[in-house]
Amino acid sequence: MNSDFQHKTFIFLERLWLVGAILGLACTVFFLITKDNDSALFFLLFFVMSAVIYLLRKRQRKRHEGQLAALKNKEISNPKAK
């Protein structure tokens, strides 16, 4: 897989889970205001799950960027080795 495409995919998935977390939080607040505690609890759990997955995806992207930078530095310092 092309590393540029993979990087864009990581960013897309990261933002997708961030949007999910924001929507989950908004729904939680809405259902708390309307006094529907069961739905609020469901969306609170959805918010927590989305936030955790967002943080995992962010960490994955940062590690991937670090690996690409290390690989690029290795290629620059030793261009003949493959």
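Because the structure is predicted, anything quoted here is derived from the model rather than measured.

K.L.:
I'd like to hear about unusual backbone geometry, residue by residue, with values.
P.N.:
In this structure, Lys35 takes a positive phi of about 65° despite not being glycine. Note that Lys35 resides in the loop between helix H1 (3-33) and helix H2 (37-77). Overall, the relative accessible area of 68% leaves Lys35 in the exposed class.

K.L.:
So what's going on with H1? Which residues, and what values?
P.N.:
With 31 residues, H1 should cover 45 Å at 1.5 Å per step; its first-to-last C-alpha distance of 45 Å lies within 8% of that length. Listing the buried residues of H1 in full gives His7, Phe10, Glu14, Gly20, Ala21, Gly24, Thr28 and Phe31. For H1, the secondary structure elements touched by its buried residues are H2. Positive phi shows up at Lys35, right after H1, with a value of about 65°.

K.L.:
How would you sum up the packing of aromatic side chains? Please name residues and give values.
P.N.:
The full count for this structure, using the stated rule, is three aromatic pairs. Relative to Phe31, the ring of Phe30 lies with its centre 5.2 Å away and its plane at 70°, an arrangement referred to as edge-to-face. Phe30 sits in the partly exposed class, given a relative accessible area of 48%. Classification of Phe31 by relative accessible area gives buried; the value is 18%. Between Phe42 and Phe43 the ring centres are 5.1 Å apart and the planes differ by 80°, which places this aromatic pair in the edge-to-face class. On the accessibility criterion, Phe42 (52% relative accessible area) is exposed. Grouped by ring-pair contacts, the aromatic residues Phe30, Phe31, Phe42 and Phe43 constitute a single cluster.

K.L.:
For the packing of H1 against H2, give the residues involved together with the corresponding values.
P.N.:
Close contact between H1 and H2 brings their axes to 7 Å; oriented N to C, the two are set at 160°. For the element pair H1 / H2, the angle class is roughly antiparallel. Viewed along their axes, H1 and H2 form a crossing whose handedness is left-handed. Among the residues forming the contact of H1 with H2, the class breakdown is 20 nonpolar, eleven polar and five charged.

So, how was this worked out
As a convention, each chain's residues are numbered from 1 in the sequence order in which they are written. For a predicted model such as this one, the threshold for reporting local features is a pLDDT of at least 70, and the threshold for listing and counting side-chain atom pairs is 80 or more; totals across whole chains, interfaces and linings nevertheless cover every residue. Computation of side-chain values: all heavy atoms of the structure, hydrogens and water removed. Note on conventions: DSSP H or I runs of at least 4 residues are helices, E runs of at least 2 residues are strands, and numbering of each starts at the N terminus. Buried means the residue's accessible area, taken with a 1.4 Å probe over protein chains only, is under 20% of the maximum for its type, while exposed means over 50%, and partly exposed covers the values in between. Here a helix's expected span is defined as the number of its residues, less one, multiplied by 1.5 Å. Any two residues having at least one pair of non-hydrogen atoms within 4.5 Å are treated as being in contact. Side-chain rings of Phe, Tyr and Trp, where Trp is taken by its six-membered ring, are said to pair if the distance between their centres is within 6.5 Å; with planes under 30 degrees apart they count as stacked, over 60 as edge-to-face, and otherwise as tilted. Only the stretch in contact is used when fitting a helix axis, every axis being a line fitted to C-alpha atoms; angles between N-to-C directions are given from 0 to 180 degrees. Each angle receives one of four descriptions, namely roughly parallel if under 35 degrees, roughly antiparallel if over 145, roughly perpendicular if within 65 to 115, and oblique otherwise. Left-handed describes a crossing in which the near helix is turned anticlockwise from the far one by less than a right angle; the clockwise case is right-handed. When residue character is reported, Ala, Val, Leu, Ile, Met, Phe, Trp, Tyr, Cys and Pro are called nonpolar, Asp, Glu, Lys and Arg charged, and the others, Gly included, polar.

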